[in-house]
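Listed below are the residues making up each chain.
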Amino acid sequence: FEDVPHDTLALYGVVLAVCGRLVSEVKRLRSLGPDYVAAKDDAGASVPESSAEWLSPARELAKFTKDGARPRGKRLIVIGYTLVVLSTTLITAAYRVSVSKRARVNRNDYHEMQLRADASVRRRATVRVWVDHERHLDNIHAMQLAIAGVDVEVISPHRSSSGAFSSCAVVETPWSTALDKLVDDDIDVWIHERVKSCPSSSYDVVFISTDGEAVDGNIVLGQNRAAWMRYDGKSNPAFDASARALFAPLTLQAPHMPPFLSTSDGVLLVSFSLVNAAPVKGYALSWDFERDVEEHFLGALPGALRRVLDTQIEGQVLRHAQSRIRPRWSEAHNAFVVDAAQTPFFIDSDWPIDTSVAYTPVNGKPLHFAVYVPPQHECPLYILDEHEQMSNTNGFIVEGWGGIVIFNPPGCSAHNESERKLNREEISKFVTAFVQQLREHLGLTAMNLQKIKATILPPKESGFAAWEVDALVHARLVSDSHSAISTLSSLDKVISDMPDMAIPQEIADLISDSTQSFERAIALAQEMRYDEAAASALHAHAVAEAAFFHPFSLDGLQSYPIEYKVAALIPILLPMLIPLLLAFMREANHFALRTSCAERAKRRKKSLPTKAKI
Amino acid sequence: MDMYPSLRVVTSWKRCCASTMISWKRCESVRIRLVRATGSQRHSPTRRAVTASHTRAMRRGRAFVVWFALAWRQAHAFAWSAPLERSGRARDAPPLTSVEENTNTWAVIIDASRFWFNYRHSANALSMYRTVKRLGIPDSRVVLMLADDAACDARNPQHGRMYNDVNRGVELYGDDIEVDYRGTEVTPETVIRVLTNKHARGTPRSKKLLTDGASNILVYITGHGGDGFIKFQDQLELRTQELADAFAQMYAKNRYNEVFFIAETCQASTLAKAFASPRILALSSSGLGENSFSHHSDPDIGVYVIDRFTYNTLEFFEQLNVENTTTVDAYVKTLTQAKLLSTAVLDTKTFKHRAVNTVKLTEFFGGVSKTKVLSGVLDWFVGAESTSERTKPPTLSPKTPSLKYESVDIKTLGFR
């Protein structure tokens, strides 16, 4: 027993001692028997009145048998009552302070759920191919077999007389004549208007035949979910390969989940800071954040990302927050420069950059985006990349934190006003850099889009094309359903490993809520309704996190280890209940003995004097 | 006749029962057979006459103790809802993820003692706080807990200021200090809440330890301690098992990459003895049965101002900057018995995935972040203001080259 903890040994010792005491007590009570039996036999015969021995067995039994009256058991009642009341109170109290309340928690087979979540990872899509030449239909069917996970639906004027119909799109034919005259941006809007009511997992590939005009067979990928290709109406040798390339966006998948995308509450708090390193009068910058940055440039961004993240934007101006790095002067660049190796130490931990330390709208971390205005004596300042070249954006990203862009005031010179507001032209520089950094943070650059020779219409307004957001939505679905499962199974493990931990009913409810949401997400994903599935998976993730990080009751311990039990229970139970129990046992024994003696005396009395009277 | 069935344990019960409940699952192989004593003995009759009753009584008593202990254990193992094959704390769990790269560093710095004469503990904690901040961990990633406000104590002649040195070289309280938990807020419960991130709704972000699987965490705790516990607020205790359970929960949720746990109390190494989660490095100022001593007092202030362990630690860290590559074992080697008057114990029992001489101090004390200079520029973004012009339905504009938008090559989007 050398390794057993002392408290456990003490508990065993106490329990053994109590058991031993009870056993010896029972033995003692049983051993009373023979004395009394001997006394009983001559109970009626001789009662030594003057016995100095108080309540000797003989005298006691003689007393009991005086008139054969049954004992009323007053002492037994008093002791019994005390025992019942005290033991009820004390045991309840002891239970309350030492046994954790554990609600019944559903145990799920998380491994099996994990497998089902894995099965939903594969992204599927519907592609409507708009073909107006009968002879290309065969190629389409060949393609359908070649690309797994894509259901191909053909829209063709030859299929019906009036126009081409699909489940959700109504298209006038022939579209080629209308589209041929439009520029690419207008084609994008035109197609989008036609397929507005279609689900987000369906894409359009439109073939536009031109009137014999020389066309390079260029593929254009729009901002929404459409791609199109102009061709001259005759057989095109690269047709098959090009058309297959059109499906490339569908295979977008994020290989690694970036942290800012996987927040459990689905909120992305973007915090902008204009950091004036060393402002002096005439060399201090400010901005009208809401009007010039938030609305003018980033107005469309939250809307574009809404299906993935609830983007919240905030801004502030910091003054006197200098970098910890002293840049070196570089003759080659004719400027102050910071090497790439030094960028990890650029941000000073003293910058009061966290805007809302006292207010928590989000569980996760904010994405910081700092615009650094160097001091006048270190201006102009440039960030060098690994090849000692000035970076185009003059900034860098910090993983898990955000990004920094250096803004050198024009000419590095002071201005007339004491504090000048940035104009939109200046703002556009770092907002562009921010959008690039945000795309990097959300993992869009890491996605494996096949190298296709396509022209991509950039999402000029919002920064994120619909087909990119689709990929993010699916990535979120996968990540959230996996996070929900892993959180739930961690919680399950914690619950079963820590038998003393209290589990309120609320946690059990949250667990079943999370499980149900997960099931719903999987079911929706099977129906290719990825937006709803991602929302449901996000809910499952959020609720699972809430269950794991549930604060329990806000007072008291959440677990009662064994030494606590020993310390709390033994002083309550031992000095009060054990003596009472022993006394009760003795008294009960006594009562039984008295009753039996009384019965015997009564019988004897009944048998003798009745005959005498007659 | 025998009243009690005698008991035979097939495998060694001693090995199993001697360990704690964690290893009880190993006892699955133990089979207990209740065998009625038949009385068939192989001893010679004479010997049996002398010793039979004696040995039988002894055997019976011993068997009862064993049976009782086993039954008690087993009853509890079942009653506490953990089937035997499922019990076993996080140490038995396969790691959820592989070891990730450290991308962010967090620090939890705890001073557990209140009252003026424990000035040195506040000074210890504040010195460590200044060190990690100097090495680049921002306030938002430091949770600082001070159980008493020694700087503003009425007996402090240097009112509002604190020093860790009789020469008063560095003013610790300074103008920029963010105490996250102070005074009576600092309890074992708060520490567990911070570590396990189980907070009441509305707790500010700066008071939380919002770590992830790539976070390295420095936990520094100073105060008065004993075998397996540290005292909070002069009357509460934080036990090693509670700390270990908190770390087990963090591990289960994949909330840390590596933990460096430093304890500066008496018998400090016992505070780390129950740790079972992987990748926790525990450094203690003293071993079991040893006291941890203070360094020197300031006669003006009238109390001891710093402890030996922290004093020597600071002396070592003075030479470091954030780009330094000194390793943990080099640091521990400087904490000699002669300097501390106690034994600095480096506990690596759960830190097995790499050697200590490869662990850089700045991985825990410095805020090193991973950066990436982006090349290429996104020249197509124009912002939301153009949206209003674009939402109108397209007109059938004639296709002229001048109206055509400049298309962007895919490479500039950053796709690879």
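Note that the structure is a prediction, hence the values are computed from the model and not measured.

1. Remarks on the overall build of chain A
From N to C terminus, chain A includes 15 helices and 18 strands. For chain A, long-range pairs separated by at least 24 residues make up 80% of all intrachain contacts whose partners lie at least 6 apart in sequence. For chain A, the exposed surface amounts to about 28,000 Å²; the carbon and sulfur share of it is 56%.

2. So, the overall build of chain B
Scanning chain B from terminus to terminus reveals 10 helices and 16 strands. Per-residue burial over chain B gives 52% buried out of 416 residues. A sequence separation of at least 24 residues applies to 73% of the contacts in chain B between residues at least 6 apart. Of the roughly 19,300 Å² of accessible surface on chain B, a fraction of 54% belongs to carbon and sulfur atoms.

3. With respect to unusual backbone geometry
Residue and element names in this part refer to chain A. At the junction of Cys379 and Pro380, the peptide bond is cis and its omega measures out at 0° in the coordinates. One can find Pro380 in the loop between β13 (367-373) and β14 (381-383). Even without being a glycine, Glu388 presents a positive backbone phi close to 65°. Here Glu388 lies in the loop between β14 and β15 (395-398).

4. Focus: the state of the cysteines
Residue and element names in this part refer to chain A. Here the structure, examined in full by the defined rule, presents 1 disulfide over all chains. Between the sulfur atoms of Cys379 and its disulfide mate Cys412 the distance is 1.9 Å. For the disulfide bridge between Cys379 and Cys412, the dihedral angle about the S-S bond is near -70°, and by the sign convention the bridge is left-handed. Of the two residues, Cys379 sits in the loop between β13 and β14 while Cys412 sits in the loop between β16 (402-406) and β17 (420-421), which places them 33 residues apart along the sequence. With a relative accessible area of 10%, Cys379 lands in the buried category.

5. Comments concerning the environment of Ala355(B)
Relative to the helices and strands, Ala355(B) resides in the loop between β14 (345-347) and α9 (362-365). Sequence separation of Ala355(B) and Asp329(B) is 26 residues, and the distance between their C-alpha atoms is 9.4 Å.

6. Some remarks on helix α3 (residues 74-98) of chain A
Spanning 25 residues, α3(A) covers 35 Å between terminal C-alpha atoms, matching the ideal 36 Å at 1.5 Å per step. Three or more residues of α3(A) are buried, namely Leu76(A), Ile79(A), Gly80(A), Leu83(A), Ser87(A), Leu90(A), Ala94(A) and Ser98(A).

7. Here we look at the pairing of β16(A)
Residue and element names in this part refer to chain A. Of all the 5 residues making up β16, 5 are buried; the element is thus mostly covered by neighbouring parts of the structure. In this sheet, β16 lies alongside β13 in parallel orientation, the contact comprising 5 bridges. Across the sheet, the residue bridging to Ala370 is Ile404, located in β16. When β15 meets β16, the two strands line up antiparallel, connected through 4 bridges. When the bridges of β16 are listed, Val398 appears paired with Gly402. Taking the residues that link successive antiparallel strands as the turn, the β15-β16 hairpin has 3 residues, and the phi of Gly400 there is positive, at about 75°.

8. A look at the packing of aromatic side chains
Taken as a whole, this structure holds 24 aromatic pairs over all chains when the rule is applied. Ring centres of Trp116(B) and Tyr119(B) lie 5.2 Å apart, and the angle between their planes is 80°; on these two criteria the pair is classed as edge-to-face. Residue classification places Trp116(B) among the buried residues on the basis of a relative accessible area of 8%. For Tyr119(B), a relative accessible area of 0% puts it in the buried group. Measuring from ring centre to ring centre gives 6.0 Å for Phe316(B) and Phe317(B), while their planes differ by 80°; the resulting arrangement is edge-to-face. Exposure remark for Phe317(B): the relative accessible area of 1% places this residue in the buried category. Here a set of aromatic residues connected by ring pairs shows up, and it is made of Phe272(A), Trp287(A), Phe289(A), Phe369(A), Phe407(A), Phe430(A) and Phe434(A). Across the ring face of Tyr181(B), the terminal group of Lys207(B) is positioned such that the distance to the ring centre comes to 4.7 Å.

9. Quick look at the pattern of salt bridges
All names here are of chain A. Going through the model one piece at a time under the given rule, you end up with 39 salt bridges over all chains. The salt bridge involving Arg116 is made with Glu519; its shortest N-O contact spans 2.6 Å. In this pair, Arg116 is assigned in helix α4 (residues 110-119) and Glu519 in helix α13 (residues 505-526), connecting sequence segments 403 residues apart. For Asp480, the salt bridge identified is with Arg476, shortest N-O distance 3.0 Å.

10. Points about the UniProt feature "transmembrane region" (unreviewed entry) in chain A
Residues and elements named next belong to chain A. Here the UniProt-annotated "transmembrane region" (unreviewed entry) positions come out as residues 76-95 and 566-585. Annotated as 100% helix and 0% strand, the span residues 76-95 places its first and last C-alpha atoms 27 Å apart. With 100% helix and 0% strand, the stretch residues 566-585 has end C-alpha atoms that lie 26 Å from each other.

11. Thoughts on the packing of helix α12 (residues 466-497) of chain A against helix α14 (residues 530-548) of chain A
All names here are of chain A. Between α12 and α14, whose axes approach to 8 Å, the crossing angle comes to 25°. Comparing their axes, α14 and α12 come out roughly parallel. As α12 packs across α14, the resulting crossing turns out to be left-handed. Residue composition of the contact of α12 with α14, grouped by class: 15 nonpolar, 6 polar and 4 charged.

12. Observations concerning the side chain of Gln437(A)
Locating Gln437(A) in the fold gives a position in helix α11 (residues 424-441). Take Gln437(A): its relative accessible area is 2%, and that puts it in the buried class. Contact partners of Gln437(A), with chain neighbours within four places excluded, come to Phe369(A), Gly395(A), Phe396(A), Ile397(A), Gly403(A), Ile404(A), Val405(A) and Leu374(B).

13. What to know about the environment of Leu182(A)
With respect to the helices and strands, the residue Leu182(A) is situated in the loop between α6 (175-180) and α7 (184-194). C-alpha separation for the pair Leu182(A) and Ala117(A), spaced 65 residues apart in sequence, amounts to 44 Å.

14. Digging into helix α5 (residues 240-252) of chain B
Residue and element names in this part refer to chain B. Taking 1.5 Å per residue, 13 residues should reach 18 Å; α5 reaches 18 Å between its end C-alpha atoms and fits that length. Residues of α5 that are buried: Thr240, Glu242, Leu243, Ala244, Asp245, Ala246, Phe247, Ala248, Gln249, Met250, Tyr251 and Ala252. Count one or two residues on from α5 and you reach Asn254, which has phi positive near 55°.

15. Examining the sheet that holds strand β15 (residues 371-373) of chain B
Spatially, the 6 strands line up as an open sheet ordered β10(A)-β8(A)-β13(A)-β16(A)-β15(A)-β15(B), and their pairing is mixed. Strands at the two margins of the open sheet, each flanked by one partner only, are β10 (310-319) of chain A together with β15 of chain B. On average, each strand axis in the sheet is inclined to that of its neighbour by 15°, with strand direction left out of account. For strand β8 (residues 267-276) of chain A and β13(A), the ladder comprises 7 bridges, and the chain directions are parallel. Along β13(A), the bridge assignment pairs Leu274(A) with Val371(A).

16. Some thoughts on the sheet that holds strand β7 (residues 224-226) of chain B
Residues and elements named next belong to chain B. If you walk across this open sheet you meet the 3 strands as β7-β8-β9, and the pairing is antiparallel. This sheet does not close on itself; its edge strands, each paired only once, are β7 and β9 (236-239). Mean inter-strand twist for the sheet, computed between neighbouring axes without regard to direction, equals 30°. Taken together, the 3 bridges between β7 and strand β8 (residues 229-232) define a ladder with antiparallel strand orientation. In the sheet register, Gly225 faces β8, and the bridge partner there is Ile230. The sheet contacts of helix α4 (residues 188-196) involve β8 and β9, and relative to β9 the element is tilted by about 35°.

Parameters and conventions
Residues numbered from 1 in each chain as written. Chains lettered and ligands numbered in written order. Predicted model: local features only at pLDDT ≥ 70, side-chain atom pairs only at ≥ 80, totals over all residues. Heavy atoms only, no water. Helix = DSSP H or I, 4+ residues; strand = E, 2+ residues; numbered from the N terminus. Contact = heavy atoms within 4.5 Å. Areas by Shrake-Rupley, 256 points an atom, 1.4 Å probe, with all protein chains shown as cover. Buried < 20%, exposed > 50% of the residue type's maximum accessible area, 1.4 Å probe, protein only. Disulfide = S-S within 2.5 Å. Expected span 1.5 Å × (residues − 1). Pairing = 2+ DSSP bridges. Phe/Tyr/Trp six-rings, centres within 6.5 Å; stacked < 30°, edge-to-face > 60°. Lys NZ or Arg CZ within 6 Å of the ring centre and 35° of its normal. Salt bridge = Lys/Arg side-chain N within 4 Å of Asp/Glu carboxyl O. UniProt positions renumbered as here; feature names shortened; annotations may be inferred. Axes fitted to C-alpha atoms, helices over the stretch in contact; angles between N-to-C directions. Parallel < 35°, antiparallel > 145°, perpendicular 65-115°, else oblique. Left-handed = near helix turned anticlockwise from the far one by under 90°. Nonpolar A, V, L, I, M, F, W, Y, C, P; charged D, E, K, R; others polar.

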